[in-house]
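One letter stands for each residue in the lines below.
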Amino acid sequence: MTVGRWLAALVLMCGVAAADERDAERALHAAQQRAASGDPLAIDALEAIGAERPVTRWTDDAWRSAAQLAERASDFPRARIALEQVVATSDDEQIIKRARADLLRLAGIAGTGGEWSAVAAQHEQLLQRARERGDPAPALRDLEALVRAHPGYPRAAMAMLALAHGWERDGEPERAIGWLREAERAATSATERTRATAELVRTLIRHGDLDEANAAIASIADPLLAARLRAALAHAELRRTIRWVVASVLFAIGVLAMVVLRRAAGSWRQVLRVLVRPPIEVWFFIPVAAVFAGVAQTGNQLVARAVIAVALAGTAVAWLSGVILEVTRDRMRRRAVIAHAAVAAVAVVAAIYLAIDRDRMIDLLIETWRGGPAMR
């Protein structure tokens, strides 16, 4: 063969290779667009592109995209196969390094041989169910059963952290704390154990178990994390002091109200007689409070408890305030009426604060105000 023929053949081969590259690029972009639109068959197209020969510069990209889709669908064996193909077909050391790191991460999720793939997939599905709108308790109970049935599951500690978060948001802090203690015991690394302990401390602080929180902080080796948790503990102790002050003010207002009522009524027997008859304010307030309390019972139990506490406190303030106004109607002057209204307002605000600060509902309100309502 002459030199000219060799050159012609070389040009022809380069042209074919360039055409293959262009075809692979177009096919990859089309498959990625299908994946972005939610097409469930896009992963098949990506795998087909990765399996085509000769290998092109887009082959490893197709396998990487297929691995991402498979992991997103909790199909961990399929994701592992795609990542192995990335390692086998790529000539980019950085891409190979990332693929091997992803393979190690998947081994931590589904096991080195994929033996935990089914459990991991069910774990992800239950987490998704728990995040959906509606009652998360059935999904959380199913996740509890899954964790208990598979004690060797490598992500057991992470599942327990998710259970703790879910049960706390659903109004069962004791159950949440129990799972955080289980997560500490189930942790397979120092990082997991530290994370579980830190979450336990934060949860104990949120629910007022400050002495236990302080004891748990002592087991955290990371000095920066321990310092942050101690700062949170100090803030919680300040809030506990504020709660005592607010409760004392509310108690003092109640005592003052009874003293005023006793003087106006003339005897404790007469006080009991006037208190038995609800004033008109209560007849207006109770139906509204009952509706709010009933609606709250259908949702988050933390919110329900706070709403019921506010409703009861509001009823008590309205009852006492109305009775005092009725008994002292002929003797109370304008200034006294204004002072009475101010004290009643302080009592209502104090009661509301105590209600929403219990179970750290005030933190959920602040979080909702900053980030908007959660849609699950």
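The residue count restarts for each chain, going from 1 along the sequence in the order it is written. In view of the model being predicted, local features appear only for residues whose pLDDT reaches at least 70, and side-chain atom pairs are presented and counted only at 80 or more, with totals across whole chains, interfaces and linings using the full set of residues. Only hydrogens and water are set aside; all other atoms, that is, all heavy atoms of the structure, feed into the side-chain values.

### Observations regarding the overall build of the protein
Reasoning step 1: A count of helical and extended segments in the protein gives 17 helices and zero strands.
Reasoning step 2: The buried label goes to any residue with under 20% of its type's maximum accessible area, the exposed label to any with over 50%, and the partly exposed label to all in between, with areas taken from a 1.4 Å probe on protein chains only. Counting over 376 residues, the protein shows a buried share of 36%.
Reasoning step 3: Should any heavy atoms of two residues lie within 4.5 Å, those residues are counted as being in contact. Across the protein, the fraction of contacts at a sequence separation of at least 24, relative to all contacts at a separation of at least 6, is 59%.
Reasoning step 4: Residue-level accessible areas treat just the shown protein chains as cover; the underlying method is Shrake-Rupley with a 1.4 Å probe. A total of about 22100 Å² of accessible surface is found on the protein, and carbon and sulfur atoms cover 61% of it. Secondary structure elements follow DSSP: runs of H or I no shorter than four residues count as helices, runs of E no shorter than two count as strands, and numbering proceeds from the N terminus.

### Section: the confidence of the model for the protein
Reasoning step 1: With 88% of its residues at a pLDDT of at least 70, the protein reaches an overall mean of 85.
Reasoning step 2: Note that pLDDT drops below 50 for residues 3-17; the model gives that stretch one contact with residues more than four away or on any other chain. pLDDT is a residue-level measure of predictor confidence that goes from 0 to 100.

### Details of the pattern of salt bridges
Reasoning step 1: A side-chain nitrogen of Lys or Arg and a carboxyl oxygen of Asp or Glu constitute a salt bridge if their distance falls within 4 Å. On inspection of all chains with the given rule, the structure shows 16 salt bridges.
Reasoning step 2: Here Glu168 and Arg206 are joined by a salt bridge, their closest N and O atoms 2.6 Å apart. Of this pair, Glu168 sits in helix H8 (residues 156-169) while Arg206 is found in helix H10 (residues 190-206), placing the two residues 38 residues apart along the sequence.
Reasoning step 3: Among the residues examined, Glu168 registers a relative accessible area of 10% and is labelled buried.

### Digging into helix H3 (residues 59-72)
Reasoning step 1: One less than the residue count of a helix, multiplied by 1.5 Å, gives the span that helix is expected to have. An ideal rise of 1.5 Å per residue puts 20 Å on 14 residues; H3 measures up with 20 Å between its terminal C-alpha atoms.
Reasoning step 2: Along H3, the residues classified as buried are Thr59, Asp60, Ala62, Trp63, Ser65, Ala66, Ala67, Leu69 and Ala70.

### Re the environment of Leu103
Reasoning step 1: With respect to the helices and strands, the residue Leu103 is situated in helix H5 (residues 93-110).
Reasoning step 2: Spatially, the C-alpha atom of Leu103 lies 8.7 Å from that of Ala79, the residues being 24 residues apart in sequence.
Reasoning step 3: Among residues more than four places away in sequence, those in contact with Leu103 are Arg80, Leu83, Glu84 and Val87.

### Some points on the side chain of Thr59
Reasoning step 1: Looking at the secondary structure, you find Thr59 in helix H3.
Reasoning step 2: If near-sequence neighbours (up to four positions away) are discounted, Thr59 is found in contact with Gly50, Arg53 and Thr89.

### Points about unusual backbone geometry
Reasoning step 1: Cis peptide bonds are those with omega within 30 degrees of zero, and the linkage from Arg53 to Pro54 qualifies with 10°.
Reasoning step 2: Positioned with a positive phi, Ser74 is a non-glycine residue whose angle comes to about 65°.
Reasoning step 3: Its location among the elements puts Ser74 in the loop between H3 and helix H4 (76-89).

### A look at the side chain of Ser321
Reasoning step 1: Mapped onto the secondary structure, Ser321 falls in helix H15 (residues 301-327).
Reasoning step 2: With residues up to four places along the chain from it excluded, the contact list for Ser321 reads His340 and Ala344.

### Focus: the packing of H3 against H4
Reasoning step 1: Contact geometry of H3 with H4 gives a least axis separation of 8 Å together with a crossing angle of 160°. Looking at the two axes, H3 sits roughly antiparallel to H4. For the element pair H3 and H4, the recorded crossing hand is left-handed. Here Thr59, Asp60, Trp63, Arg64, Ala66, Ala67, Ala70 and Glu71 of H3 come into contact with H4, specifically with Phe76, Arg78, Ala79, Ala82, Leu83, Gln85, Val86 and Thr89.
Reasoning step 2: Each residue gets one of three labels, nonpolar for Ala, Val, Leu, Ile, Met, Phe, Trp, Tyr, Cys and Pro, charged for Asp, Glu, Lys and Arg, and polar for the others, Gly among them. Residues of the contact of H3 with H4, tallied by class, amount to nine nonpolar, three polar and four charged. With axes taken as lines fitted to C-alpha atoms, and helix axes fitted only over the stretch in contact, angles between N-to-C directions fall between 0 and 180 degrees. For this classification, under 35 degrees means roughly parallel, over 145 means roughly antiparallel, 65 to 115 means roughly perpendicular, and everything else is oblique. Here a crossing is called left-handed whenever its near helix is offset anticlockwise from the far helix by less than a right angle, and right-handed whenever the offset is clockwise.

### Considering the packing of aromatic side chains
Reasoning step 1: The rule is short: rings of Phe, Tyr and Trp, with Trp giving its six-membered ring, pair when the centres are within 6.5 Å, and they are stacked under 30 degrees, edge-to-face over 60, tilted in between. What the rule picks out here adds up to one aromatic pair.
Reasoning step 2: For Arg175, the ring lying beneath its charged end belongs to Trp167, and the centroid distance is 3.8 Å. As a reminder, the over-ring test applies to NZ of lysine and CZ of arginine, requiring each to be within 6 Å of the ring centre and within 35 degrees of the ring normal.

### Details of the environment of Leu28
Reasoning step 1: Relative to the helices and strands, Leu28 resides in helix H1 (residues 3-36).
Reasoning step 2: A relative accessible area of 2% means that Leu28 is categorised as buried.
Reasoning step 3: Separated by 31 residues in sequence, Leu28 and Thr59 have C-alpha atoms that sit 8.7 Å apart.
Reasoning step 4: In this structure, Leu28 is in contact with Leu46, Ile49, Trp58, Asp61 and Ala62, ignoring residues within four places of it in sequence.

### What about H5?
Reasoning step 1: Helix length check: H5, at 18 residues, gives a terminal C-alpha distance of 25 Å against a target of 26 Å (1.5 Å per residue), a fit within 8%.
Reasoning step 2: Within H5, the full set of buried residues consists of Ile95, Ile96, Ala99, Leu103, Leu106, Ile109 and Ala110. The buried residues of H5 occupy an angular sector of 130° when the element is viewed end-on, so they sit on one face. More than 90 degrees from the buried face of H5, the exposed residues found are Glu93, Lys97 and Leu104. As used here, the arc is the angular range of directions from the helix axis to the C-beta atoms.

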